[in-house]
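Next come the chains, spelled out residue by residue.
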Amino acid sequence: MPHRVANFFRSSTHSLEYQVSNLTKKTSSSGSRRRVSPPGSGRATGSEVVAYVSEEELDDSHAPPYVPRLKMGDSRTSSFTSDSHKEKDHGHHHRLSFPGMHFGRSNKESHFHAPASLDWKLESPPIVMYGNAENSTGALLSGQLFLSIKEEALEIESFTATLNIRVAQKKPFANHCPECTTQCTEIKKWSLLEHPLVMMKGQHSFPFSVLLEGHLPASMETPLVSISYEFKAEAIPRSNGIASIPPIKLEKVLDVKRSLPASDTPHHSVRVFPPTNIKASAHYPHVIHPIGSYTLALRLDGIAKLNPRVNTIEYWKLKKLTWRLEETTKTVAPACGRHSPKSGDGAEDQQHKKGIVRCDTRVIGEKTLFSGWKSDYTNANDAKVELELEYSLGKHARSACDTKSQDGTEVSHQLMVEMVVSQEWAPVNKPSLVTHTGVGRILRMHFGTILTERGGIGISWDNEAPPIYQDVPPSPPAYFQETNFHGDASIAEMIEPLDGILAGGPIQRLAEEEGRNPRGHRRASSEGR
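- Going by what an unreviewed UniProt entry lists, the chain is known as LDB19 N-terminal domain-containing protein and is assigned to Apiosordaria backusii.

Encoded structure:
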């Protein structure tokens, strides 16, 4: 049996090769006849033939020495090899070569050498605005731009820098309209060169600074709107007359944050869920941060009731608890000049003229619990359920901090806690004999939460007091001219009497100088001794 399978594949292979060879012979005989021209022969008299030659056929080791290499579009040379050579290279893959075609970048672009480069360095701390938009004093931004000249000399026509705030609407007023989708507002522009200047080789620094006002929104990325701060610098060199030099550009994106103050004591909230007697008491932090976990202490009271008529106790037992952190984004998609509706007298027309209000709510953290709380049903009057709930943002959640800007963009957060309770009853004498009533309730609570960045040291730029001259410590003592005593001076003039100081004597002068400079007096008296 195995030899039959081998013979079958062998016969199939031979038949396939036979069919391919016959097809090649027919194609060569039906086309123009190719003749072998020895070196030095004249022009071929047959019809012109365009031959595509593979790279293997162009190799000198395979082609006969008297057969010239063939090129695309050349009809003066022949192109064929022996039948044995065709059979030898029949199984190989022949690639077509196109020497006249070039792909990719041109040599001019790949070898372009920029005559200068542009870089920057920020000297101010991270951009954090402290407080809400109404009370914040903003944040300072300062740094230096470095223009590095690589040639011996380069003339710069202009050097400018701009800081823009870019607002991109994910759901614009009119789709496929660039003006409705993106709005750019210029905050500051610097003209770093007043006139063209020839700069020598080396690094040249240009300082810049700006105060970002407190009402500006923080950087954010939400499903409805994206806000970013773009810093762009451009230096335009003068062309040398041979080739134009492209502008030297630098583009950076700044991360602007806002930090809201947090209270020291946690918030306390009490909720009642009629028609039941369940009362929920919660202690939770009002301000949270994107990184970190937080605790909500929850207690349920009024979950048991005594029914004296039938001598039973009714319980509300907690079966399931789910918490979610929800983020609500509200923005106004403005209309450009072309798509702005015509003004009308109604309030709706005025609102549509400003833009369309967009709202979106998404979950940035959630978890479901089926256990983890403590229940006490020993006393019907004091039955309770206590738990400490830890919550935080999701691991890969892309959240935005709370903000409210003048253009209508508003981001808020809330913590939602949902509990499922079921009603059960048991006899007073046999509390372990529990019977399900089939009655259930869903208790839902919402807690307002502020999500903000950490403030770090928490000091705004206007509260940082610079050093003043009164705070500088006193300078070292000054050296004065030493008092010389002559040998003929009496000893009474040099020794101070016990009852007083001699008027006009050297001791009195030293005492006066001691009052003005006590350290100098001690030094002078020690040297005099």
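Let's pick the thread back up.
## Examining the packing of aromatic side chains
- In this structure the tally under the stated criterion is ten aromatic pairs.
- Plain terms: the ring middles of Trp120 and Phe208 are 6.4 Å apart, the flat faces sit at 5 degrees to each other, and that makes the pair stacked. Residue Trp120 is found in strand E1 (residues 116-122), and its partner Phe208 is found in strand E5 (residues 197-212); the two are separated by 88 residues along the sequence.
- A relative accessible area of 15% means that Trp120 is categorised as buried.

## Some remarks on the sheet that holds strand E10 (residues 267-273)
- A sheet is described by the order of its strands in space; here five strands give the open sequence E10-E11-E13-E18-E17, paired in antiparallel fashion. Of all strands in the sheet, those with a lone pairing partner are E10 and strand E17 (374-376), marking the two edges. This sheet shows a mean twist of 15 degrees between the axes of neighbouring strands, independent of strand direction.
- In the sheet, E17 pairs with strand E18 (residues 384-391) via three bridges, with the strands oriented antiparallel. Each bridged residue has a counterpart across the sheet, and for Ser375 the counterpart in E18 is Val385.

## Description of unusual backbone geometry
- Going from Pro274 to Pro275, the amide bond is cis rather than trans, its omega being 5 degrees.
- Relative to the helices and strands, Pro275 is located in the loop between E10 and strand E11 (278-284).
- One non-glycine residue, His176, lies in positive phi territory at about 60 degrees.
- Its place among the elements puts His176 in the loop between strand E3 (139-169) and helix H4 (178-181).
- A positive phi is found at Asn311, a non-glycine position, where the angle reads about 60 degrees.

## Considerations on the pattern of salt bridges
- Overall, the coordinates contain 14 salt bridges when judged by the stated rule.
- The partner of Lys319 in a salt bridge is Glu424, and the shortest N-O contact between them spans 3.4 Å. You can see Lys319 sitting in strand E15 (residues 312-334) and its partner Glu424 sitting in strand E20 (residues 410-427), a full 105 residues away along the chain.
- For Lys319, a relative accessible area of 37% corresponds to the partly exposed category.
- For Glu424, a relative accessible area of 2% puts it in the buried group.
- Salt bridges linked by common partners bring Arg299, Asp301, Lys384 and Glu386 together as one network.

## Focus on the nonpolar core
- One finds Leu145, Leu147, Phe159 and Phe231 to be the most contacted residues of the largest nonpolar core, which totals 39 residues.
- Contributing elements (two or more residues each) for this core: E1, E3, E5, strand E7 (225-237) and strand E8 (248-254).
- It is E3 that contributes the most residues to this core, twelve residues altogether.
- Contact partners of Phe159, with chain neighbours within four places excluded, come to Leu118, Leu145, Trp190, Ser191, Leu192, Leu193, Phe206, Ala233, Glu234 and Ala235.

## Overview of the pairing of E15
- Inspection of the sheet shows strand E14 (residues 304-307) paired to E15 by four bridges, in the antiparallel sense. Paired with Lys305 across the two strands is Glu314, which belongs to E15.
- Remark: four residues form the turn of the hairpin made by E14 and E15, two consecutive strands paired antiparallel; Asn311 in that turn has positive phi of roughly 60 degrees.
- In this structure, E15 lies alongside E20, joined through 18 bridges in antiparallel fashion.

## A word on the state of the cysteines
- Taken as a whole, this structure holds zero disulfides when the rule is applied.
- Not part of a disulfide, Cys177 finds its nearest cysteine sulfur in Cys180, a span of 3.6 Å.
- Here Cys336 is not cross-linked by a disulfide; its sulfur's nearest cysteine counterpart is in Cys180, at 3.3 Å.
- For Cys336, a relative accessible area of 9% translates into the label buried.

Calculation criteria
Residues numbered from 1 in each chain as written. Predicted model: local features only at pLDDT ≥ 70, side-chain atom pairs only at ≥ 80, totals over all residues. Heavy atoms only, no water. Phe/Tyr/Trp six-rings, centres within 6.5 Å; stacked < 30°, edge-to-face > 60°. Helix = DSSP H or I, 4+ residues; strand = E, 2+ residues; numbered from the N terminus. Buried < 20%, exposed > 50% of the residue type's maximum accessible area, 1.4 Å probe, protein only. Pairing = 2+ DSSP bridges. Axes fitted to C-alpha atoms, helices over the stretch in contact; angles between N-to-C directions. Salt bridge = Lys/Arg side-chain N within 4 Å of Asp/Glu carboxyl O. Core = buried A, V, L, I, M, F, W, Y, C linked by side-chain atoms within 4.5 Å. Contact = heavy atoms within 4.5 Å. Disulfide = S-S within 2.5 Å.

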